[in-house]
Amino acid sequence: MGCSFQQIQKYETAGNRMSVSRLYDMCKFLEIPMGQFLQEADAPYMHDANLVHIVQNLYKMDPKYIPSIIRITDGLARGAGA
């Protein structure tokens, strides 16, 4: 991550504040969305490993596929895929 383990410990214990650029670097290193540390941290899907995996894939996906994914998931949610 480009910083010492002592600095990481300070972040972990809230001894130092983390800059947004450092948070971005950390999320990129961990391959997780920044939202996991921000507004999405309490989202129900963050506590289910399978749903986290799906969300991580969505963040990596080419945006042109998102409308298709929405149609698929809407259909599955209505029971069309069952």
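Presented here is an overview of the structure given in this document.

What counts and how
Residues numbered from 1 in each chain as written. Predicted model: local features only at pLDDT ≥ 70, side-chain atom pairs only at ≥ 80, totals over all residues. Heavy atoms only, no water. Helix = DSSP H or I, 4+ residues; strand = E, 2+ residues; numbered from the N terminus. Buried < 20%, exposed > 50% of the residue type's maximum accessible area, 1.4 Å probe, protein only. Contact = heavy atoms within 4.5 Å. Areas by Shrake-Rupley, 256 points an atom, 1.4 Å probe, with all protein chains shown as cover. Arc of directions from axis to C-beta.

### Digging into the overall build of the protein
Then comes step 1: Counting its secondary structure elements, the protein contains four helices and zero strands.
Then comes step 2: Start at the N end of the protein and walk to the C end: the helices and strands fall as α-α-α-α.
Then comes step 3: Per-residue burial over the protein gives 20% buried out of 82 residues.
Then comes step 4: When contacts within the protein are restricted to residue pairs at least 6 apart in sequence, those whose partners lie at least 24 apart make up 15%.
Then comes step 5: A total accessible area of about 6,500 Å² is found for the protein, and carbon and sulfur atoms account for 58% of it.

### Structural notes on helix H2 (residues 20-30)
Then comes step 1: Every buried residue belonging to H2 is among Arg22, Leu23, Met26 and Cys27, and all of these are buried. Down the axis of H2, the buried set is contained in an arc of 135 degrees. They therefore lie on one face. For H2, the exposed residues set more than 90 degrees away from the buried face come down to Ser21, Lys28 and Phe29.
Then comes step 2: Buried-residue contacts for H2 involve helix H1 (5-12).
Then comes step 3: Just beyond H2, the residue with positive phi is Glu31, at close to 60 degrees.

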